[in-house]
Amino acid sequence: AGCVPIDSTWAKDALGCEVSLRRLNIWGDDAGVLTLVGPGFNVVRDMTFPAEGRNGGDIKYDGVRNGYGSLVLSGQDYELTGLFNGPDRSWIVEFSDPVLDDYFGTDWVNLRVGGETCQLRQSDDRSFICAMGEFGGLCNSRTLSSHNIIAAGHVRCADGSPNPTPSPPSPSSTHTSSTVSQTTSTTSSSASTSRQAPVLFPPISGGSANWALHRELNCWDGHGARSLPNSNPLLGTYTVEGCREQCEMNLECEAAVIAKHVSTPKFPCFLRTILQISQCRDYADFDVWEIRRTTVTASTTSRSTVVTSATSTTTSITSSASSTSSSSSGDFVPVDGGIDRACRGASSGDNSPSYYVIQNGISGLEGCKAICIIDALCQGIEYSTGRCELWVRPGGIEATAAVSGFICLRYTGAPTTTPSPWSFFPVDGGVNRACRGRSVNDNLASYYHVAASRGMSLTQCQAACAELAGCQGIEHNQGGRCELWTKSIQATRSLTGYTCLRFDAWRLYQGSNCYEGHGGSLLHYITEKISVDGCKAECLKKDHCEGISVRSGWEESPCWLYTQINLNSCVLDYPDYDFWHRLQ
């Protein structure tokens, strides 16, 4: 009661509540499924994915963060049941957040466990929490008298004043999640040493690849793998074999991740590429099936397709079905099949000229590949007869469009698949444009510095501009000439083979954050969601603004403006946030 569905203006598939909805966390060991009884949960349980009984009060253990989490209504009474047993086991109970207390006023709930009740408040002691949760490093957690604790099957209120008073816990009943966490460290080295060895499996029926099963593991973006397009998860649910079949049919797939905790014969299926098992995370609810494609003769392990060009010549594409180790050396793999596909950015209609550099007169597909390999940040190629596009889009090639006669290949040997730290924008379309000053004929030599007369890649030219104080943009041609413009670029001239890009003087630190006490001082906070460019524009309006923080991956986000930036004190491993440093 008090909550209704809201449209995508706010969030996708979300509820908006006019009542005081708050968070309840229980930190500690796995005690099986817990159950909350009280307002909001008095409904028939929905056991289908992803509800799985949570609507009826069931709370499942989160092995990544070492605890439980649910929602409760402020000012109400709840009872929590579960297997809270064992003389040396204890759990810390946490309600809401002090920030909400400051804004809305005091909230509370009464929580009953084992026949005893404590009133939980937002102002309760939180000295057990790491600065960034489990992802920020291991917490040396221990229970204190100022914590609300579940021990010996009942709740013990903060400051040692339960209602009624239980017998005091033994000295050994300290919080044990830190001990458990020692075997699930966020560092890849300690994680790999504590994991059980993978179990090897032969090919599935009708398949040719072997498999290695990594139990209770999960690999996803930023944690040991990348999600394949439209596969996070795949539409529908699958048996374990069905999920593995989907992976084997996709030459880019290197692992099938299965959400095994769902209580149905079929499961959500996630397909991953660029797999690095050592960086994956221990996760009790998931299994990772790593595909190990067999390498025999080229005729049985490669996919070759012949495309007839307009001049009746044929070009053969061979995409090796290689393992992770071989792909790291640099392979070209088809995107969405590759043939009759034109490369695109985030969607089939996303085709900004700034994403690629055109190379005309290339001697076939192999020549196009060769140029991509030597370019510093080439993410892949789009090729048609005599025309080669080197894709340098920061996020790589994520989609394609059906265009006859075109070939789209992703380069797995690119040194990075993360966004470029610099922002450059095309002037007058950018492609086949030469930079000019105030008019098409305004091209004084004093306006620019020639970084290279030939042989410099576009990304190297961009890097040189980013390092030059006062650089306004670049002019680059397909022969490798690079001009660094220190004069404002206000016009361009049509010139085949040239590219003109304006430099946006910001440097991106993806997955990082600078904030109060950690490398920055808050200057202004914009609560409404705006684009990254909009947030930058707000920063440029303020003389002392030195950087912005936004939510990573959001098209529009709240906007934080910061001053007094000290990058050495910023948090450079902060999931879900990006920090943009203003350079000029």
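None of the values given here were measured: they were computed from a predicted structure. (Residues numbered from 1 in each chain as written. Predicted model: local features only at pLDDT ≥ 70, side-chain atom pairs only at ≥ 80, totals over all residues. Heavy atoms only, no water.)

Undergrad: How should the state of the cysteines be read in this particular structure?
TA: Two cysteines, two sulfur atoms, one covalent bond between them: this is a disulfide. One pass over the structure, following the stated rule, counts 14 disulfides. Each sulfur in the disulfide pair Cys 243 and Cys 269 lies 2.0 Å from the other. Between Cys 243 and Cys 269 the sulfur-sulfur dihedral comes to about 80°; the bridge is accordingly right-handed. You can see Cys 243 sitting in helix 4 (residues 240-249) and its partner Cys 269 sitting in strand 20 (residues 269-273), a full 26 residues away along the chain. Neither Cys 243 nor Cys 269 differs from the other in exposure class; each is buried. In this model Cys 465 forms its disulfide with Cys 471; the gap between the sulfur atoms is 2.0 Å. Between Cys 465 and Cys 471, the disulfide has an S-S torsion of -110° and is therefore left-handed. You'll find Cys 465 and Cys 471 in the same group, each marked buried. (Disulfide = S-S within 2.5 Å. Helix = DSSP H or I, 4+ residues; strand = E, 2+ residues; numbered from the N terminus. Buried < 20%, exposed > 50% of the residue type's maximum accessible area, 1.4 Å probe, protein only.)

Undergrad: Looking at this structure, I do not really get the pairing of strand 19 (residues 255-259). What am I missing?
TA: A regular strand places its side chains on the two faces of the sheet in alternate fashion. In terms of burial, strand 19 is a largely internal element, five of the five residues being buried. Neither face of strand 19 is left uncovered, since the one carrying Ala 255, Val 257 and Ala 259 and the one carrying Ala 256 and Ile 258 both have all their residues buried. In the sheet, strand 19 pairs with strand 20 via four bridges, with the strands oriented antiparallel. Within the sheet, the bridge partner assigned to Val 257 lies in strand 20 and is Phe 270. In this sheet, strand 22 (residues 286-292) lies alongside strand 19 in antiparallel orientation, the contact comprising five bridges. In the strand pairing of strand 22, Ile 258 is matched with Asp 287. (Pairing = 2+ DSSP bridges.)

Undergrad: For this particular structure, what's the right way to read the pairing of strand 27 (residues 380-384)?
TA: Across the five residues that make up strand 27, a large majority, five, are buried. Burial along strand 27 is two-sided: Gly 380, Glu 382 and Ser 384 and Ile 381 and Tyr 383, pointing in opposite directions, are all buried. Two strands pair when backbone bridges link them, and strand 27 and strand 28 (residues 387-391) are joined in this way by five bridges, in the antiparallel orientation. Considered in strand 28, the bridge of Ser 384 is made with Arg 387. Between strand 27 and strand 28, which pair antiparallel and follow one another directly, the connecting turn spans two residues, one of which, Gly 386, has a positive phi of 75°. Here strand 27 pairs with strand 29 (residues 399-411) via four bridges, running antiparallel. By the bridge assignment, Glu 382 is partnered in strand 29 with Cys 408.

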